[in-house]
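Residues per chain, in single letters:
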Amino acid sequence: QVQLVESGGGLVQAGGSLRLSCAATGSIFSINYMGWYRQAPGKQRDVVALITSGGSTNYADSVKGRFTISRDNAKNTVYLQMNSLKPEDTAVYYCHANIKEDRSLSPIGSWGQGTQVTVSS
C-alpha cells in the first residue's frame, strides 16, 4: 500500500522561506509525475507545481520565480522550495503522485495528508 508522507510546513514571516518534502513509501514500481497542490480556506485545491520523472517542471503563474520543485527518484521524494513567501501563499499544501505499484497495473493517483503553511504579514 502506497503512502505519501509530507513534512516541512510551518509559520513564517512574509519574505521568508520554507522547504516541503514528500516521500512515497510502500509497494512502488514507478512514479510518473509528482506534484504539489494547495488549498486555502474556502477555496478549491489548485496545482502549485508539477515535475515528471524526467525532471520537466510546470508552475502556477502565481509562484513562478519564487518556488522550485525538485525530486530524488532514488528516494521517491519530491521537494518544494518556497522563497519570497507572501501571505497569499497561506494554505494547506498537498503532495500528489501518479504511482504504478506493479508493472502490470495502471498508475493510480495518491495524495499526502497535507501540511499547513502560514505566512504572516
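Section: the nonpolar core
Working step 1: By size, the foremost hydrophobic cluster in this structure holds 29 residues, and its most contacted members are Trp 36, Leu 80, Met 82 and Tyr 93.
Working step 2: Counting only elements with at least two residues in this core, the list comes to β3 (18-25), β4 (30-39), β5 (46-51), β7 (67-72), β8 (77-82), β9 (91-100) and β11 (115-120).
Working step 3: Considering each element in turn, this core owes the most residues, five residues, to β9.

Describing the pairing of β11
Working step 1: In β11, alternate side chains face the same way, and those of Thr 115, Val 117 and Val 119 are buried while those of Gln 116, Thr 118 and Ser 120 on the opposite face are not.
Working step 2: Here three bridges tie β9 to β11, and the two strands are oriented antiparallel to one another. Opposite Tyr 93, over in β11, you have Thr 115 as the bridge partner.

Description of the sheet that holds β3
Working step 1: Here we have four strands laid out as an open sheet, ordered β1-β3-β8-β7, and antiparallel in their pairing. Edge positions in the open sheet fall to β1 (3-7) and β7, since each of these has one partner strand only. Neighbouring strand axes in the sheet, compared pairwise and without regard to direction, differ in orientation by 15° on average.
Working step 2: Sheet topology note: the β3/β8 ladder contains six bridges and is antiparallel. If you follow Cys 22 over to β8, its bridge partner there is Val 78.

Conventions we followed
- Residues numbered from 1 in each chain as written.
- Predicted model: local features only at pLDDT ≥ 70, side-chain atom pairs only at ≥ 80, totals over all residues.
- Heavy atoms only, no water.
- Core = buried A, V, L, I, M, F, W, Y, C linked by side-chain atoms within 4.5 Å.
- Buried < 20%, exposed > 50% of the residue type's maximum accessible area, 1.4 Å probe, protein only.
- Helix = DSSP H or I, 4+ residues; strand = E, 2+ residues; numbered from the N terminus.
- Pairing = 2+ DSSP bridges.
- Axes fitted to C-alpha atoms, helices over the stretch in contact; angles between N-to-C directions.

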